[in-house]
Amino acid sequence: MARRNRGPRLFRRPQSGVLAIVTTASAPLLRAEGIELSFGGVAALKSVSLDVQPGGITALIGPNGAGKTSLFNVISGFHKADAGRLIFDGTDFTNLATHKRAALGMARTFQNISLFPGMTVLDNIKLGAHTHLKTGVLAAGLFWGPARREETELRAQIEREIIDFLEIDHIRKTPVSMLPYGLQKRVELGRALAMRPKLLLLDEPVAGMNREETEDMARFILDLQEEWGVTVLLVEHDMSMVMDISDHVVVLNFGEKIAEGPPQEMQENPAVIEAYLGAAQDAA
Ligand SMILES: Nc1ncnc2c1ncn2[C@@H]1O[C@H](COP(=O)(O)OP(=O)(O)O)[C@@H](O)[C@H]1O
Ligand SMILES: [Mg+2]
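So, how was this worked out
- Residues numbered from 1 in each chain as written.
- Chains lettered and ligands numbered in written order.
- Predicted model: local features only at pLDDT ≥ 70, side-chain atom pairs only at ≥ 80, totals over all residues.
- Helix = DSSP H or I, 4+ residues; strand = E, 2+ residues; numbered from the N terminus.
- Buried ≥ 20, exposed ≤ 12 C-beta atoms within 10 Å, placed from the backbone.
- Contact = placed C-beta atoms within 7 Å.
- Near = placed C-beta within 6 Å.
- Nonpolar A, V, L, I, M, F, W, Y, C, P; charged D, E, K, R; others polar.
- Pairing = 2+ DSSP bridges.
- Axes fitted to C-alpha atoms, helices over the stretch in contact; angles between N-to-C directions.
- Core = buried A, V, L, I, M, F, W, Y, C linked by C-beta atoms within 7 Å.
- Domains from an automatic or database assignment.

1. A short note on the overall build of the protein
Within the protein, the secondary structure is distributed over 10 helices and 10 strands. With 284 residues in all, the protein has 36% of them scored as buried. Taking as baseline every contact in the protein between residues at least 6 positions apart, the subset at least 24 positions apart corresponds to 71%.

2. Brief notes about the site of ligand 1
Taken together, F39, V42, A44, G62, N64, G65, A66, G67, K68, T69 and S70 are the residues near ligand 1. Per-element accounting of the shell around ligand 1 gives the leading share, three residues, to helix 2 (residues 68-76). Residues of the shell around ligand 1, tallied by class, amount to four nonpolar, six polar and one charged.

3. Thoughts on unusual backbone geometry
What you tend to see is this: most non-glycine residues have negative phi, and most peptide bonds are trans. We note that S47 has phi near 45°; this positive angle belongs to a residue other than glycine. Here S47 shows up in strand 2 (residues 42-52). By C-beta crowding, S47 is classed as partly exposed, having 14 other C-beta atoms within 10 Å. Of note, E167 is a non-glycine position whose phi angle comes to about 55°, a positive value. Mapped onto the secondary structure, E167 falls in the loop between helix 5 (145-165) and helix 6 (181-193).

4. Details of the sheet that holds strand 8 (residues 231-235)
Spatially, 6-7-8-3-9-10 is the arrangement adopted by the six strands of the open sheet, whose pairing is mixed. Only two strands of the sheet have a single neighbouring strand rather than two, namely strand 6 (106-109) and strand 10 (256-261). With strand direction ignored, the average angle separating the axes of adjacent strands in the sheet is 15°. Looking at chain direction, strand 3 (residues 57-61) and strand 8 are connected through four bridges and run parallel. Across the sheet, the residue bridging to I57 is V232, located in strand 8. Along the sheet, helix 7 (residues 211-227) makes contact with strand 3, strand 7 (199-203) and strand 8, crossing strand 8 at roughly 155°.

5. Some remarks on helix 2
Most of helix 2 is tucked away: seven of the nine residues are buried. Among the residues making up helix 2, those that are buried are K68, S70, L71, F72, N73, V74 and I75. G77 sits one or two residues past helix 2 and shows a positive phi near 95°.

6. A look at the pairing of strand 3
For strand 3, a buried count of five out of five residues is recorded, marking the element as mostly surrounded by other parts of the structure. Residues of strand 3 alternate between two faces, with I57, A59 and I61 on one and T58 and L60 on the opposite face, all of them buried. Note: strand 3 against strand 9 (residues 248-253), four bridges, orientation parallel. By the bridge assignment, L60 is partnered in strand 9 with V250.

7. Notes on the pairing of strand 2
Where strand 1 (residues 30-39) and strand 2 come together, seven bridges link them in antiparallel fashion. Residue L37 lies in a different strand from strand 2, and its bridge partner there is L45. Linkage of strand 1 to strand 2, two consecutive antiparallel strands, is achieved through a turn of two residues, within which G40 is found at a positive phi near 60°.

8. Describing the sheet that holds strand 1
Think of a sheet as strands paired side by side through backbone hydrogen bonds, with each pair either parallel or antiparallel. Pairing in this open sheet of four strands is antiparallel, and the strands run 2-1-4-5 from one edge to the other. The sheet is open, and its two borders are formed by strand 2 and strand 5 (91-92), each paired with just one other strand. Inspection of the sheet shows strand 1 paired to strand 4 (residues 83-88) by five bridges, in the antiparallel sense. Looking at the pairing, E36 lines up with A83 of strand 4. Where helix 2 meets the sheet, its contacts fall on strand 1, strand 2 and strand 4, and the angle it forms with strand 1 comes to roughly 115°.

9. A few points about the nonpolar core
Counting residues in each nonpolar core, the largest one holds 67 residues, and the members touching the most others are L60, L200 and V232. Looking at this core, you find at least three residues from each of domain 1 (19-105 + 200-284) and domain 2 (114-196).

So this is what it looks like as structure tokens:
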């Protein structure tokens with residue numbers, strides 16, 4: 001495929017000093033402050049704070065049950081936090097209804113695929129665009145005559161760009177249920193992109209993928225950040241991918257943030273190593 005001609009299959013381009021300056025100097029795109037969440041007696045999140053800098057790839061890692069998905073659920077509104085504050089692009093959205101959060105500029109994918117399996121690739125992606133337009137163009141009151149045509153054109157343009165970018169033109173009429181897992185995950189990414197997000201929340205985007213599918217997905221995520229300027233917050237278990245593509249890593253363990261910093265530092269951080277070793281021993 002065309003994108004493979006760009007060079008060796010290394011996920012990461014060389015770190016640029018400019019990016020580092022920009023990300024440390026600007027306000028966070030997403031801020032979570034002191035988030036608390038418990039299910040009955042189980043504290044899933046204990047005063048977790050997190051900043052996602054614009055333009056970067058932030059990875060949220062930690063052993064199973066650490067609270068990663070719970071934090072995503074609080075951010076996207078599936079769970080209401082017991083305490084804490086959420087700010088997106090300067091707007092406090094702590095109490096904003098779930099269906100209004102997408103309009104702020106956030107889209108997510110799920111740890112388990114949540115597509116409509118009987119529908120085609122294109123129709124699944126259209127659903128994402130529909131959400132975007134409904135909350136954007138339509139909410140602005142532009143729903144008569146020319147605006148309606150504009151809406152259709154805008155939709156078609158969004159769909160074309162995404163299908164082109166994700167290299168899924170050949171399967172756009174195929175029902176999602178007939179696709180291999182790696183492609184289904186790619187379609188799910190396409191649906192999230194159709195919402196035109198500033199921030200993309202990806203929950204384990206390469207879980208269950210083989211090596212080649214993983215490399216493809218890592219490349220798409222990097223290209224999204226570099227070419228489309230999308231900011232990414234990603235939960236991931238694949239450590240080599242986290243190390244290769246993220247700018248900043250936040251580590252959770254038992255619902256608490258135990259460390260954060262550059263990927264290399266986190267890999268060598270004693271508390272992080274202990275958390276993963278502890279989890280491995282529990283599993284053994
Ligand atoms: N809907 C839920 N009901 C009850 N407990 C939950 C629910 N979701 C998560 N938990 C618990 O919260 C903790 C964090 O889970 P989760 O956020 O899924 O972790 P991770 O994504 O890091 O593996 C775990 O102890 C889990 O059992
Ligand atoms: Mg999870």
